[in-house]
Amino acid sequence: LRQMIIGYLDAEGFIYDGQSTVASVYVMDLQTGAEMNINSDVAMSAASTAKVFILLDYFRNLLGAPSRDEAFLMSQSLLCSNNSSSNLLMQLIGNTAVARGEPRVGADTIFNGLQNIVQNNQYLGLRNTYITAPFDLGDNSFVTGSIPAPRTEANPNFNTSPDPFNQVTTEDLGTAFAMIYDCAYSGSGLMAAYPEGEFNQTECRQMLNIMSNNNLDRLLPAGIPPGITIA
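Okay, so let's go over this structure. (Residues numbered from 1 in each chain as written. Predicted model: local features only at pLDDT ≥ 70, side-chain atom pairs only at ≥ 80, totals over all residues. Heavy atoms only, no water.)

### Thoughts on the overall build of the chain
Okay, step 1: When helices and strands are tallied, the chain shows eight helices and five strands.
Okay, step 2: Mapped in sequence order, the helices and strands of the chain form the string α-β-β-β-α-α-α-α-β-β-α-α-α.
Okay, step 3: Overall size of the chain, expressed as C-alpha extent along the three principal axes, is 55 × 35 × 30 Å.
Okay, step 4: Accessible area for the chain stands at about 12,400 Å²; split by element, carbon and sulfur atoms hold 51% of it.
Okay, step 5: Side chains of the chain give 10 positive and 22 negative charges; the mean places of these two sets differ by 5 Å. (Helix = DSSP H or I, 4+ residues; strand = E, 2+ residues; numbered from the N terminus. Areas by Shrake-Rupley, 256 points an atom, 1.4 Å probe, with all protein chains shown as cover. Lys, Arg positive; Asp, Glu negative; His and termini not counted. Charge placed at Lys NZ, Arg CZ, Asp CG, Glu CD.)

Structure (structure tokens):
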């Protein structure tokens, strides 16, 4: 599979490990656990893929079933890529953290939310992925500032000039999805990482259900056979 993908990129004139072009691919067979990667440890700008990690930490902090308003916010964040909804989710995570007695890390609770997301990623072994600042809303209505970025160990041989406040690797992203999937269908993954009940199978299935409603009919979904679910 690796050679087929590299061959395809070569045929398209794209150098996967060039000085000005880099391809980063991570694939896991969810049934066998077999993995394939091409530069999967290269740091990239996370852009809206960071919203997956916001969703994950929001469910970790959720004490009961999500309300209609919470479900709406999650759908707006993941399906409509709404930055204000994503910022509000991070603020709600921060509110929960402060309510638990965690010290404030900034004037606004959104920074506590960012700190929680970073710490959760580190705990899960997603050590090259972080978001340290709120999303820019394109106006003056968003909170400015950031928290310190964690130490990472991304591949030093490639510099994609990633967003200094919002980074991801394909390996971390793929691993996160695998942990959600294993939680949803075998009661392991996130449930094994957090054995005190922070996640359950219903929550993990809800995460996948939300993301599987992102019907683009292009990019990855355009190459998937009909009837196959993609989150």
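### Digging into the pairing of strand S2 (residues 35-38)
Taken residue by residue, a regular strand's side chains alternate between the two faces of the sheet.
Okay, step 1: Alternating residues of S2 divide into Met36 and Ile38, all buried, and Glu35 and Asn37, none buried.
Okay, step 2: Alignment of strand S1 (residues 25-28) against S2, held across four bridges, turns out to be antiparallel. In the strand pairing of S2, tyrosine 26 is matched with asparagine 37.
Okay, step 3: Between the antiparallel neighbours S1 and S2 lie six residues, among them glycine 33 with a positive phi of about 85°. (Buried < 20%, exposed > 50% of the residue type's maximum accessible area, 1.4 Å probe, protein only. Pairing = 2+ DSSP bridges.)

### So, the pattern of salt bridges
Okay, step 1: Tallied over the full model, the rule gives two salt bridges.
Okay, step 2: One salt bridge in this structure joins aspartate 57 and arginine 60, with 2.6 Å as the shortest N-O distance. With aspartate 57 and arginine 60 both in helix H2 (residues 50-61) and three residues apart, this pair spans about one turn of that helix.
Okay, step 3: When the shortest N-O distance is used, the salt bridge between arginine 100 and glutamate 102 registers 2.7 Å.
Okay, step 4: Judged by its relative accessible area of 45%, arginine 100 is partly exposed. (Salt bridge = Lys/Arg side-chain N within 4 Å of Asp/Glu carboxyl O.)

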